[in-house]
Amino acid sequence: MIKFIILSIPPGSMIVAGFAVLGIIFWIFWPKRGLLALLQKIKMNNERVQLEDALKYLFDCEYNSNMCNMNSIAGNLNISDDKAGQLIERLLSMGLITMDNQNISLTDTGKSYSLRVIRVHRIWERYLADETSIAQADWHNEADRIEHFVTREDTEKLAAQMGNPVFDPHGDPIPSIDGDLPEPKGKLLNHMKEGESGQIIHIEDEPRSIYEQLVAQGLYPGMPVFVTGVDNGKIIFAANGDECILTPLFAAQITVEALSDKTPVSAKHELLSSLELGERAEIAGISPNCRGQQRRRLMDLGVVPGSMVSAEMKSASGDPVGYRVMGTTIGIRKQQADLIFIHKNNDDTKK
Amino acid sequence: MNKNELQERNEILSEANKARWDLGVNFHDTVIEAIYEDASRIARKTVKQQGEKAAYSLDLKIDKIVTSRWLGFPLMFLMLAVVFWLTVAGANYPSGLLASFLIDYMHPILKQAAASINMPWWLDGVLIDGAYLAMAWVIAVMLPPMAIFFPLFTLLEDLGYLPRVAFNMDSMFRRAGAHGKQALTMSMGFGCNAAGVIAARVIDSPRERLIAIITNNFSLCNGRWPTQILIATIFIGSLVPAGIAGFVSAGAVVGIAILGIFFSLVVSWGLSKSVLKGEASAFSLELPPYRPPRILQTIYTSLIDRTVFVLWRAIVFAIPAGVVIWLVANIHIADLSLAEHFIQWSGPFALVFGLNGVILLAYIIAIPANEIVIPTVLMLTVLSTGTHGMGEGTGVIFELDSVGDTANILHAGGWTLLTGINLMLFSLLHNPCSTTIYTIYKETRSVKWTMVSTFLPIVLGFIVTFFTTQIWYLWFS
Amino acid sequence: MTTPKNNLNNCATCPVHNKENLIKLGLSLDEIDYVITMAGNPNTGKSTVFNNLTGLRQHTGNWPGKTVTRAEGGFIYNEKRYKVVDLPGTYSLLSTSTDEEVARNFILFGQPDVTVIVVDATRLERNLNLALQILEITDRAVLCLNLMDEARRNQIEIDVRELSKELGIPVIPASARRKVGMNELLAAIEEVASGKYVCRPHKIKSRSAKLNHAISNLSAKLAKHFPKLPNLNWVALRLLEGDNSIIEAVQSGELGSINAQTETAQA
């Protein structure tokens, strides 16, 4: 029977039907807006997720010695004050927090619960940063999504594979498995004075819009900074030879640890991609934005501070350029050459 | 005591953890830098570079030519064309020789021997017409081209030329989210997809390696070229005057191969933007110095490592397939063989895709090797149309020396120009052969990626043939 | 008794007096006197050296990263039976990638009698990176300075005696593709394996004071708990890197077994 039905459909309708089927399939699997993604979102909005997020936030407040109350919880979790009130009731009844006037603080149980959640979150952020190609601005949200569903065992296995990281990609320490966390170090960039120098140890990843702008400016944990001036509350500082100006709001997102033994690097680094064919230069370092396997591979091939590099040949289509490092020619794409810093010493550039 | 020890050990560990917080985020880098500092100090003490680097400057001269803007690509295409020409031209004669020995000469002898010991007809059919013939076919068609292609390819590899090809091609593959070395796995795939999948080992970044493995099937392999050429000659060559028929049908086949490259790039791009988005990606490409290849050793190792290895896997899969092919043609249920049942049942569905039941069945039972698709198609067509006097008997796969006779059988089977075009498309876009599927599993160790590589091309194949057919109907109705 | 070998020149012309002793074995390795392992960067001809020693034929391409699986083989030299384990070619031993983990754990936990480090003479500096890491792990190693013919063509001169002094291990110049230097390599392997040559391997000197402090602090604690562990600093460094196999070995006390093995091997 079906045979004849199929054969009697005119080709025009078949084409339309074909497109319809393809369309439906695409809609189901479309990232972010498709059916599967929507179902995922609905699953996210349950109570446990909010509870864990609230604990995490409360812990962060205490760690940074800030005050927090119902309003700030509501703001941080992006829920109504009513909902936040209910949430606090639950936390109280579960014995995870205590309240003193408006001030909320964690009990010991609450603290260890939140440390567990934070450990999972930061390990996954580390994983996303080092072992996947997820965009930097998405790490936090992606980890937020994952952290409520993975088991502890899976996370520990992951941590073991990665060599038990102790810092997340924003420079924050990851609590140990027993719940240890070092004392907070450093001070906020907006509290620094002219002439002070240090190293960025943390860039806050919330709110996301500010974080994205800081990342876009090329700031990263581990970067040396030197404050050259404070003007109307604006912080002016040198970072990797570039001058940056940040408003207090932005500067408050950055934590800096004072460095005493190192004089700040004032020379501006150039990028490997700017090296012309036949020129030679000394490698100054690899940007921390080059991570994981890519970074390892470059270092393996001899791209380390101090070694000499020369641009030897362009590929027929122009992009990967062959650079000679430690006696080997390696092809490096422009995308990566942009992440490698060099010192061009004019006496050295002759070939 | 023991408890004490355990505690002591855990103290060491938590001590280490605390120290790691103190050492900061750049710790790993400083460890490596310290080692390099020592290495560089020792190297400065012990290594002396005298005068001009003679050999390297020769390397650089060669590199300037093979990677130059104007000569780079033509040289590469010339080199590949020569390799393919040598393979096709050189394999023709030994292939014919092997076929006439294994099929025309050995097959009747085996049949006679079976008859003389009174082997039951069904056992004789399963073993000799089924298993033996499928194996013989695979060896005859597969061995000679691979025995020429792989050593040639390996010679280019040992010489150091292939990394330069990857270097030149990288920008195209980068745009598709893939690695320049995929150019090599793709070319290797023109010889054999299973070998192409194995060759993807040289790509050390997980994401790009998976892309190369999954898309390798879009390289029209050695086993599919004869199908393409035969069908193009019969259905497309016959459209134009005899004088240019050869040229036009060759053009059609090359067009299909280029379409394959196109699909390979588009699918690479799609994969890197969707399912493989989260896989780690890293690019590194070392350009080793040129080295004179050791020809004899290269030929030996490439024959052992690649040709025999792949051939063996193909034979292992071809033998049971031969048995299945014979059985479906010879097991009867209510007067019709299993094959005929399937062909009649699936015919209408196949028509929607401009194919027919014979083609669908042939691609299902000839999954071990694309080489036996055409013989199976011929056998099934003869079987289902009830043509007599062609071929060697029920369920015995065969091929004809004359293209004209083959065309007659296919026309009798109801084939049209549209069927021909769709078969060519479907031959490019269908699941990899079982040897390749098995190899993909061995290489990725993942059922998920094996499934994706298996079903992605065939879904694409059905989509493409569906729209081709329906638009064709719309146009000509 | 073979002549003491620490040759400076490759031995293309000298009599191959050990040839008859050199009965090559296939994979049948029942009774073994010494286990040696081969490590080196990819594309240094490590597989060629391995093939020369064992008579096996692994494919070796001019393309980094050919050897994917760990190969094993063996040979007899001066009536001693050797088992050779070819480790995957790696640039380094410090990362978390599987290849590097396999290699470093084999050297640390397997305690081979000799580790042959194959390096590319034309890129000594980069190759020394791996060699120095190996010397942090094991005390018994031989450096095979391969591709000397290519180095000579590039007019690179290497002071082999000085290099050997710096590294504290025998250094054998070789051209494995032409089978040059293999006898000297075998002799050096034997001397190190039998303990005739005592290595004084180079230890990293350029570390920052802060790091050195952390390492010595931790290794003092380790020494108390695992008094016979030979490479304390390396283990301490690995703990600071968070190497999970070392952490587990500390937890389970398996680290203690390393010294035991070494002692029986030396006894």
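Please read all numbers here as calculations on a predicted model, not as lab measurements.

## Regarding the pairing of strand β4 (residues 197–203) of chain A
Consecutive side chains of a regular strand alternate in pointing toward one face of the sheet and then the other.
All names here are of chain A.
Then step 1. Counted residue by residue, β4 has seven buried out of seven residues, so it is predominantly covered.
Then step 2. Judged from the three bridges that link them, β4 and strand β5 (residues 224–231) form a sheet pairing that is antiparallel. Within β5, the position partnered with Ser 197 by the bridge is Phe 226.
Then step 3. Here five bridges tie β4 to strand β8 (residues 254–258), and the two strands are oriented antiparallel to one another. Each residue of the ladder has a partner; that of Ile 200, found in β8, is Val 256.

## Points about the interface of chain B and chain A
Then step 1. Of the residues lining the interface, 56 residues belong to chain B; the matching set on chain A comes to 62 residues.
Then step 2. Contact between chain B and chain A buries roughly 4,900 Å² in total, counting both sides, with carbon and sulfur atoms accounting for 63%.
Then step 3. The largest share of the area that chain B buries against chain A comes from Trp 21, Tyr 36 and Phe 283 of chain B, three residues that together contribute 16% of it.
Then step 4. Our count for the contact surface shared by chain B and chain A stands at three salt bridges.
Then step 5. Taken together, chain B and chain A are joined by 19 residue pairs in polar contact (both at pLDDT 80 or more).
Then step 6. At seven residues, helix α19 (residues 447–476) of chain B tops the list of elements feeding residues into the side of chain B that touches chain A.
Then step 7. The residue inventory of the side of chain B that touches chain A, partitioned by class, reads 26 nonpolar, 16 polar and 14 charged.
Then step 8. Relative to strand β2 (residues 285–287) of chain B, strand β13 (residues 328–332) of chain A runs antiparallel, the two being bridged by three bridges. If you follow Ile 330 of chain A over to β2 of chain B, its bridge partner there is Glu 286 of chain B.

## Let's talk about the sheet that holds β8 of chain A
Residues and elements named next belong to chain A.
Then step 1. Overall, antiparallel pairing links the six strands, which are arranged β3-β8-β4-β5-β6-β7 in an open sheet. With partners counted over all chains shown, the strands left at the sheet margins are β3 (187–188) and β7 (242–246), one partner each.
Then step 2. Bridge count for strand β6 (residues 234–239) against β7 is five bridges, and the pairing is antiparallel. Looking at the pairing, Ile 236 lines up with Ile 245 of β7.

## Here's the deal with the sheet that holds β2 of chain B
Then step 1. Read across the open sheet, the seven strands follow the order β9(A)-β14(A)-β10(A)-β11(A)-β12(A)-β13(A)-β2(B); overall the sheet is antiparallel. Both edges of this open sheet fall to β9 (270–271) of chain A together with β2 of chain B, since each of them pairs with a single strand only.
Then step 2. Where strand β11 (residues 308–314) of chain A meets strand β12 (residues 321–325) of chain A, five bridges bridge the pair, whose relative direction is antiparallel. Within β12 of chain A, the position partnered with Ala 311 of chain A by the bridge is Tyr 323 of chain A.
Then step 3. Running over the sheet, helix α6 (residues 161–175) of chain B touches β11, β12 and β13 of chain A together with β2 of chain B and is turned about 130° from β2 of chain B.

## Concerning helix α9 (residues 152–161) of chain A
It helps to recall that an α-helix has 3.6 residues per turn; residues three or four apart then point in one direction.
Then step 1. The complete set of buried residues in α9 of chain A reads Thr 155, Leu 158, Ala 159 and Ala 160 of chain A.
Then step 2. Contact partners of the buried residues in α9 of chain A: α7 (108–131) of chain A together with α9 (244–252) of chain C.
Then step 3. Of the residues one or two after α9 of chain A, Gly 163 of chain A is the one with positive phi, at around 80°.

## Description of the domain arrangement of chain A
Then step 1. For chain A, the assigned domains are domain 1 (35–106), domain 2 (187–259) and domain 3 (270–348).
Then step 2. For domain 1 of chain A versus domain 2 of chain A, the distance between C-alpha centres works out to 29 Å.

## Some points on the confidence of the model for chain C
All names here are of chain C.
Then step 1. Looking at chain C as a whole, its pLDDT mean stands at 76, while 78% of the residues score no less than 70.
Then step 2. Here strand β1 (residues 24–25) stands out as the least confident element of chain C, with mean pLDDT 30; strand β8 (residues 171–173) is the most confident, with 94.
Then step 3. Note that pLDDT drops below 50 for residues 260–267; the model gives that stretch seven contacts with residues more than four away or on any other chain.
Then step 4. For this predicted complex, the interface confidence score (ipTM) comes to 0.81, while the overall pTM stands at 0.81.

## So, the nonpolar core
Then step 1. With 118 residues, the main nonpolar core has Leu 143, Leu 145, Leu 167 and Leu 239 of chain C as its most contacted residues.
Then step 2. If we ignore the near neighbours within four places in the chain, the residues touching Leu 167 of chain C are Ile 42 of chain B together with Leu 128, Leu 132, Leu 135, Leu 143, Arg 200, Pro 201 and His 202 of chain C.
Then step 3. Counting residues in each nonpolar core, the second largest holds 107 residues, with Phe 153, Ile 256, Val 358 and Val 396 of chain B among its members.

## Some remarks on the packing of helix α2 (residues 27–46) of chain B against helix α3 (residues 124–137) of chain C
Then step 1. The contact between α2 of chain B and α3 of chain C brings their axes to 8 Å, and the two run at 125°. Between α2 of chain B and α3 of chain C, the crossing angle belongs to the class labelled oblique. The hand of the α2 of chain B/α3 of chain C crossing is right-handed. Judged by residue contacts, Ile 35, Tyr 36, Asp 38, Ala 39, Ser 40, Ile 42, Ala 43 and Thr 46 of chain B of α2 of chain B engage Leu 124, Glu 125, Arg 126, Leu 128, Asn 129, Leu 132 and Gln 133 of chain C from α3 of chain C.
Then step 2. Of the residues in the contact of α2 of chain B with α3 of chain C, the class split is eight nonpolar, four polar and three charged.

## Things to note about the interface of chain B and chain C
Then step 1. Contact with chain B, which involves 60 residues of that partner, is made by 59 residues of chain C.
Then step 2. In this structure, the connection of chain B to chain C is made through five salt bridges.
Then step 3. The tally of links from chain B across to chain C stands at 18 residue pairs in polar contact (both at pLDDT 80 or more).
Then step 4. Among the elements of the structure, α1 (2–23), α2, β1 (47–49), α3 (54–66), α5 (121–159), α6 and α12 (295–330) of chain B are those that each provide at least two residues to the side of chain B that touches chain C.
Then step 5. In terms of residues, the side of chain B that touches chain C owes the most to one element, α2 of chain B, which gives 16 residues.

## Here's the deal with the pattern of salt bridges
Residue and element names in this part refer to chain A.
Then step 1. This structure, assessed with the given rule, holds 35 salt bridges over all chains.
Then step 2. Taking the shortest distance from any N to any O, the salt bridge between Asp 144 and Lys 56 comes out at 2.7 Å. A residue pair is termed long-range when its members are at least 10 positions apart, and Asp 144 in helix α8 (residues 139–147) and Lys 56 in helix α4 (residues 47–63) qualify at 88 residues.
Then step 3. Here the residues in one salt-bridge network are Asp 53, Lys 56, Asp 144 and Glu 147, joined through shared partners.

Parameters at a glance
- Residues numbered from 1 in each chain as written.
- Chains lettered and ligands numbered in written order.
- Predicted model: local features only at pLDDT ≥ 70, side-chain atom pairs only at ≥ 80, totals over all residues.
- Heavy atoms only, no water.
- Buried < 20%, exposed > 50% of the residue type's maximum accessible area, 1.4 Å probe, protein only.
- Helix = DSSP H or I, 4+ residues; strand = E, 2+ residues; numbered from the N terminus.
- Pairing = 2+ DSSP bridges.
- Contact = heavy atoms within 4.5 Å.
- Buried area = accessible area lost by both parts, 1.4 Å probe.
- Salt bridge = Lys/Arg side-chain N within 4 Å of Asp/Glu carboxyl O.
- Polar contact = N/O pair within 3.5 Å; in protein donor to acceptor, adjacent residues only side chain to side chain.
- Nonpolar A, V, L, I, M, F, W, Y, C, P; charged D, E, K, R; others polar.
- Axes fitted to C-alpha atoms, helices over the stretch in contact; angles between N-to-C directions.
- Domains from an automatic or database assignment.
- pLDDT = per-residue confidence, 0-100.
- Core = buried A, V, L, I, M, F, W, Y, C linked by side-chain atoms within 4.5 Å.
- Parallel < 35°, antiparallel > 145°, perpendicular 65-115°, else oblique.
- Left-handed = near helix turned anticlockwise from the far one by under 90°.

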